[in-house]
Amino acid sequence: MQDHLVDGNSEPRAASVLAAALKYDMDEAVALLKKALLSFVPTRPLEAWGVACAMGLEEETMAAARGLCGPVTYTRSALPALRGVSAGQYWRLLKFIRRDGIVDEAFSFWDADPRVALGDPVLPEESIPSPPEDALEAITLKERPDTNITCRSSDGVEFHAHKEVLHGASSVLSRRIIEAEHSILSRNPEWDGRHRPPPPVTLEFDEPASTLSPLLELCYHACLPSAQIDLRRARSLPLRTVC
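Scope of this entry: the structure provided in the associated data block. A quick note: this is a predicted structure, and the numbers were derived from the prediction, not measured.

## Re the overall build of the protein
Looking only at helices and strands, the protein features 10 helices and three strands. Among the 243 residues that make up the protein, the fraction classed as buried is 42%. Considering only intrachain contacts with a sequence separation of at least 6, the fraction spanning at least 24 residues in the protein is 71%. As presented, the protein carries roughly 13,000 Å² of accessible surface, and 54% of it is formed by carbon and sulfur atoms.

In structure tokens:
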């Protein structure tokens, strides 16, 4: 799983999947993606720093910045990962590198130095090439039997999964599933779950298929990290408490 996340130029796609995992409160998936992001530091620290900084990940940003202190070759391939970084954050990175990572405790990549009147204009969009489309190509949602929920991406692609796994992976999705089931039952009381089960729930996502597919696959690895996922075990997982 870890190796697939770092194959090729996967930082831009990894960033979109990480953003979605944070949005849906997928703690285990976020931990997996953070670990993958840190694996970039020894060989591609600038890309790792850009993604971590744009996501507001303090520990990962600092680790990547320290990886930039020393002889590092910068290439244009790093630019897509800097898409969400402000000019002020990049300026502070240069200051961090010039000081060889020796900064005071108040140093932050997100808060401007009050002693320097410098704003944080966003890097111009036209100066940054589009991110590669093959990122995270190696990890996609696998087909599994007995699925009971449909997840539709923003570009209309449908993925079939198990709601028990989504319940366990994300408190946000758990809440959405329960609300959708209650809505169906309120409109169709004859579907009482005993004599006539309700139809499968369909969840609409804001993310495109290229992000949703690896995100859903991460749910399986987060809930059931073994190489061979046992769906019977998935159905026995306790549901998270919905506030």
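## Details of the packing of helix 4 (residues 45-55) against helix 6 (residues 87-98)
Remark: helix 4 packs on helix 6, axes separated minimally by 12 Å, with the N-to-C direction vectors making an angle of 135°. One element, helix 4, and the other, helix 6, form an angle in the oblique class. Note on packing geometry: the crossing formed by helix 4 with helix 6 is right-handed. Packed against helix 4, whose contacting residues are Leu-46, Trp-49 and Cys-53, the element helix 6 presents Gln-89, Tyr-90 and Leu-93 at the interface. Broken down by class, the residue content of the contact of helix 4 with helix 6 amounts to five nonpolar, one polar and no charged.

## Let's talk about the nonpolar core
In this structure, Met-26, Trp-49, Phe-109, Leu-166 and Leu-215 are the most contacted members of the largest nonpolar core, which totals 53 residues. When residues of this core are assigned to their parent elements, the largest contribution, seven residues, is made by helix 9 (residues 209-223). If near-sequence neighbours (up to four positions away) are discounted, Trp-49 is found in contact with Thr-61, Ala-64, Ala-65, Leu-68, Leu-82, Val-85, Gln-89, Tyr-90, Leu-93 and Phe-109.

## A short note on the packing of aromatic side chains
For any two aromatic rings, the description comes down to two numbers: the centre-to-centre distance and the angle of the planes. Taken as a whole and judged by the stated rule, the model has six aromatic pairs. Ring geometry for Phe-96 versus Phe-107: centroids 5.6 Å apart, planes at 40°, classification tilted. You can see Phe-96 sitting in helix 6 and its partner Phe-107 sitting in the loop between helix 6 and strand 1 (149-152), a full 11 residues away along the chain. Of the two residues, Phe-96 and Phe-107, both sit in the buried class. Seen from their ring centres, Phe-96 and Phe-109 are 5.6 Å apart, and the 50° between their planes marks the pair as tilted. Note that Phe-96 is positioned in helix 6 and Phe-109 in the loop between helix 6 and strand 1, a separation of 13 residues in sequence. Overall, the relative accessible area of 2% leaves Phe-109 in the buried class. Of the aromatic side chains, those joined through ring pairs into one cluster are Trp-49, Phe-96, Phe-107, Phe-109 and Trp-110. Sitting above the plane of the Tyr-220 ring, Arg-144 keeps its charged end 3.8 Å from the centroid. Its guanidinium or amino end placed over the ring of Phe-205, Arg-176 lies 5.3 Å from that ring's centre, counting from NZ or CZ.

## Describing the pairing of strand 1
Bridging between strand 1 and strand 2 (residues 158-161) involves four bridges; their strand directions are antiparallel. Bridge pairing in strand 2 places Arg-152 opposite Glu-158. Hairpin connection between strand 1 and strand 2: a loop of five residues separates the two successive antiparallel strands, and Gly-156 in this loop has a positive phi of roughly 85°. Across four bridges, the pairing between strand 1 and strand 3 (residues 201-204) is parallel. The residue bridging Thr-150 from the neighbouring strand is Thr-202, located in strand 3.

## A look at the sheet that holds strand 3
Strand pairing in a sheet relies on backbone hydrogen bonds. The paired strands run either parallel or antiparallel. Ordered in space as 2-1-3, the three strands form an open sheet in which the pairing is mixed. Both outer strands of the open sheet, strand 2 and strand 3, are each paired with one neighbouring strand and no more. Averaged over all pairs of adjacent strands, the angle between their axes in this sheet comes to 25°, without regard to strand direction. Relative to strand 3, helix 8 (residues 171-187) is tilted by about 130°, and along the sheet it contacts strand 1 and strand 3.

Cut-offs and rules
Residues numbered from 1 in each chain as written. Predicted model: local features only at pLDDT ≥ 70, side-chain atom pairs only at ≥ 80, totals over all residues. Heavy atoms only, no water. Helix = DSSP H or I, 4+ residues; strand = E, 2+ residues; numbered from the N terminus. Buried < 20%, exposed > 50% of the residue type's maximum accessible area, 1.4 Å probe, protein only. Contact = heavy atoms within 4.5 Å. Areas by Shrake-Rupley, 256 points an atom, 1.4 Å probe, with all protein chains shown as cover. Axes fitted to C-alpha atoms, helices over the stretch in contact; angles between N-to-C directions. Parallel < 35°, antiparallel > 145°, perpendicular 65-115°, else oblique. Left-handed = near helix turned anticlockwise from the far one by under 90°. Nonpolar A, V, L, I, M, F, W, Y, C, P; charged D, E, K, R; others polar. Core = buried A, V, L, I, M, F, W, Y, C linked by side-chain atoms within 4.5 Å. Phe/Tyr/Trp six-rings, centres within 6.5 Å; stacked < 30°, edge-to-face > 60°. Lys NZ or Arg CZ within 6 Å of the ring centre and 35° of its normal. Pairing = 2+ DSSP bridges.

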